[in-house]
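Breakdown of the fold
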Amino acid sequence: MKIPYQQLDETTLNNLIEQYILREGTDYGEVEFSLQEKTEQITQQIKNEDIYILYSELNESVTLVSKQEFQQTQIK
């Protein structure tokens, strides 16, 4: 189930974003970004709906997934 980012408090949203950044790894090409810069980029992607916040009732967990990943799971 998709969760609108506006329903999360700022601390919770930031924690989810930081977990997502750390899960994605640290190889961002030639340019290195600080955690704050990466957080701002991901926040903007969430607002633009390029990344979704998903809640899994089965796993009772919340995660961030790219729009592409989400669409691929809907096809299967």
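Residues numbered from 1 in each chain as written. Predicted model: local features only at pLDDT ≥ 70, side-chain atom pairs only at ≥ 80, totals over all residues. Heavy atoms only, no water.

**Quick word on the overall build of the chain**
Within the chain one finds three helices and two strands. Put simply, the chain runs from its N terminus to its C terminus through helices and strands in the order α-α-β-β-α. Dimensions of the chain, computed from the C-alpha atoms along their principal axes, are close to 35 × 30 × 25 Å. Within the chain, the proportion of its 76 residues that are buried is 25%. Expressed as a percentage of contacts within the chain between residues at least 6 apart in sequence, the contacts between residues at least 24 apart total 41%. Split by element, the accessible area of the chain, about 5,900 Å² in all, is 46% carbon and sulfur. Computed over 6 positive and 14 negative side-chain charges, the separation of the two mean positions in the chain equals 7 Å. (Helix = DSSP H or I, 4+ residues; strand = E, 2+ residues; numbered from the N terminus. Buried < 20%, exposed > 50% of the residue type's maximum accessible area, 1.4 Å probe, protein only. Contact = heavy atoms within 4.5 Å. Areas by Shrake-Rupley, 256 points an atom, 1.4 Å probe, with all protein chains shown as cover. Lys, Arg positive; Asp, Glu negative; His and termini not counted. Charge placed at Lys NZ, Arg CZ, Asp CG, Glu CD.)

**A look at the side chain of T39**
Along the chain, T39 turns up in helix α2 (residues 35-47). Accessibility expressed as a relative area gives 12% for T39, which makes it buried. In contact with T39, not counting residues within four places along its chain, are N14, I17, E18 and I21.

**Concerning the confidence of the model for the chain**
Taken as a whole, the chain shows an average pLDDT of 89; of its residues, 91% reach a score of 70 or greater. Mean pLDDT values over the elements of the chain span from 87, in helix α3 (residues 67-75), up to 95, in strand β1 (residues 51-56). (pLDDT = per-residue confidence, 0-100.)

**Considerations on the layout of surface pockets**
Considering only enclosed or pocket space, the largest pocket measures out at about 180 Å³ in volume. Forming the walls of the largest pocket are K2, I3, P4, Y5, Q6, I46, E49, I51, Y52 and I53. A total of three residues in the lining of the largest pocket trace back to one element, the largest contributor, which is β1. Its residues assigned to classes, the lining of the largest pocket shows seven nonpolar, one polar and two charged. (1 Å grid on protein atoms, 1.4 Å probe; cavity = no way out; pocket = protein on both sides within 12 Å on 5 of 7 lines; lining within 4 Å. Points joined across faces, edges and corners; volume = space filled by probe spheres on them. Nonpolar A, V, L, I, M, F, W, Y, C, P; charged D, E, K, R; others polar.)

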